[in-house]
Amino acid sequence: MRYRHIFGQVATVEWAIAGAAGFVILALLGFAVWHYREGRGHAPSRTAHATRIELSYWAFLVVFAVGFYVWTISRNATERTFSGRLEVTVNVVGFRWCWQFTYPHARVVSTGTCIGSVPRNDQRARSTQPLLELPADRTIRFNLSSKDVIHGFWLPYMDYKMYVYPNHVNSFEARFTKTGDHPGRCAVFCGLYHFRMDFRAHLVPPATFRAWLATQQRHGGVLDASTSSVAPRGRTS
């Protein structure tokens, strides 16, 4: 995944600039305190303003801030560029307090229940959580929206998360290189049972994914993990 790499580039530059600015400010402050200390007998300056210096200082800050803002936005925007090699689309809908995943090309819907009487890490709770079945080595577009309040679609495995808004669609693309099982969560506080708003991401080989879709289509196209066991699992590595 390249998202963390882009964030790391921007964050590194930001921390370097912040460190350099902090060093210069502290150095100037230390010089002023030491050089103009009372014991050296300097007379207080009678100059109230240094207009040229002040205007130059503010002009530099404005130009630098605008330029840095534009650079940061342009770098972050590369996360949202689409490859044109779209192979799988998943429409993600968040609601209080669970998830629904729709595969429009196959007319398959996967959902479940996130709220139960057992702890969230209990195997029985995980078995009823919505299943997000995904193929490895394929470009996947996620379209995110909410039925009620703001949520956060978060796959810790990706080191990436995105807001899920009502009446608005946020989209991003991802390509996973390895198969496996990973937890997914809501990353924005959304009410009483926010802490239970989890789902399961299952990354499988492309052939296993196609077989999974075909199985769901034969069973009506709707998989509810809380009531159905129709979700064949491929081997992971």
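For every chain, the first residue of its written sequence is number 1, and the numbers climb from 1 along that sequence. Per-residue local features are limited, in this predicted model, to residues with pLDDT of at least 70; the limit for side-chain atom pairs, both in listing and counting, is 80 or more; totals at the level of whole chains, interfaces and linings are taken over all residues. In computing side-chain properties, one takes all heavy atoms of the structure into account and sets aside hydrogens as well as water.

### Here's the deal with the sheet that holds strand β5 (residues 139-146)
Thought 1: When DSSP finds two or more bridges between two strands, those strands count as paired. Note on conventions: DSSP H or I runs of at least 4 residues are helices, E runs of at least 2 residues are strands, and numbering of each starts at the N terminus. Spatially, the six strands line up as an open sheet ordered β8-β5-β1-β2-β3-β11, and their pairing is mixed. The open sheet has two edge strands with one neighbour each: β8 (170-175) and β11 (222-224). When the angles between neighbouring strand axes are averaged without regard to direction, this sheet yields 20 degrees.
Thought 2: The pairing of strand β3 (residues 108-111) with β11 spans three bridges and is parallel. When the sheet's bridge partners are listed, valine 109 is paired in β11 with valine 222.
Thought 3: By the convention used here, residues are in contact when the closest approach between their heavy atoms is within 4.5 Å. Every angle, taken between N-to-C directions, lies between 0 and 180 degrees, and every axis is a line fitted to C-alpha atoms, over only the stretch in contact when it is a helix. Strands in contact with helix α4 (residues 206-218) are β1 (88-95), β2 (98-103), β3 and β11; relative to β3, the strand with the most contacts, it is inclined by about 90 degrees.

### So, the state of the cysteines
Thought 1: Throughout, disulfides are identified as pairs of cysteine sulfur atoms within 2.5 Å of each other. Applying the stated criterion to the full structure yields one disulfide.
Thought 2: Between the sulfur atoms of cysteine 98 and its disulfide mate cysteine 114 the distance is 2.2 Å. Between cysteine 98 and cysteine 114, the S-S dihedral sits near 80 degrees, and the bridge is therefore right-handed. Of this pair, cysteine 98 sits in strand β2 while cysteine 114 sits in the loop between β3 and α3 (123-128), and the two are 16 residues apart along the sequence.
Thought 3: Relative accessibility thresholds used throughout: buried, under 20% of the residue-type maximum; exposed, over 50%; partly exposed, between the two (1.4 Å probe, protein chains only). Classification of cysteine 114 by relative accessible area gives buried; the value is 6%.
Thought 4: Not engaged in a disulfide, the cysteine cysteine 186 finds its nearest cysteine sulfur in cysteine 190; these two sulfurs lie 4.0 Å apart.
Thought 5: By relative accessible area, which is 6% here, cysteine 186 ends up buried.

### What about the sheet that holds strand β9 (residues 180-186)?
Thought 1: A sheet is described by the order of its strands in space; here five strands give the open sequence β4-β10-β9-β6-β7, paired in mixed fashion. Looking at which strands have only one partner, the edges of the open sheet turn out to be β4 (131-135) and β7 (160-164). If you compare each strand with its neighbour and ignore which way they point, the axes differ by 25 degrees on average.
Thought 2: With five bridges joining them, strand β6 (residues 151-155) and β7 adopt antiparallel strand pairing.

### Examining the side chain of serine 146
Thought 1: Within the secondary structure, serine 146 sits in strand β5.
Thought 2: Within polar-contact distance, the side chain of serine 146 engages the backbone oxygen of valine 149 at 2.5 Å.
Thought 3: Not counting residues up to four positions away in its chain, the partners in contact with serine 146 are Gly94, His151, Val164, Tyr165, Pro166 and Asn167. Throughout this description, a polar contact denotes any pair of N or O atoms lying within 3.5 Å of each other; where both atoms belong to protein, one of them has to be capable of donating a hydrogen while the other can accept it, and for residues adjacent in sequence the pair is counted only when both atoms sit in side chains.

### A few points about unusual backbone geometry
Thought 1: A cis amide bond links arginine 96 to the next residue, tryptophan 97, at an omega of 0 degrees.
Thought 2: Of note, tryptophan 97 is situated in the loop between β1 and β2.
Thought 3: Of note, arginine 107 is a non-glycine position whose phi angle comes to about 55 degrees, a positive value.
Thought 4: Within the secondary structure, arginine 107 sits in the loop between β2 and β3.
Thought 5: Despite not being glycine, asparagine 167 shows a phi value in the positive range, around 60 degrees.
Thought 6: By secondary structure assignment, the location of asparagine 167 is in the loop between β7 and β8.

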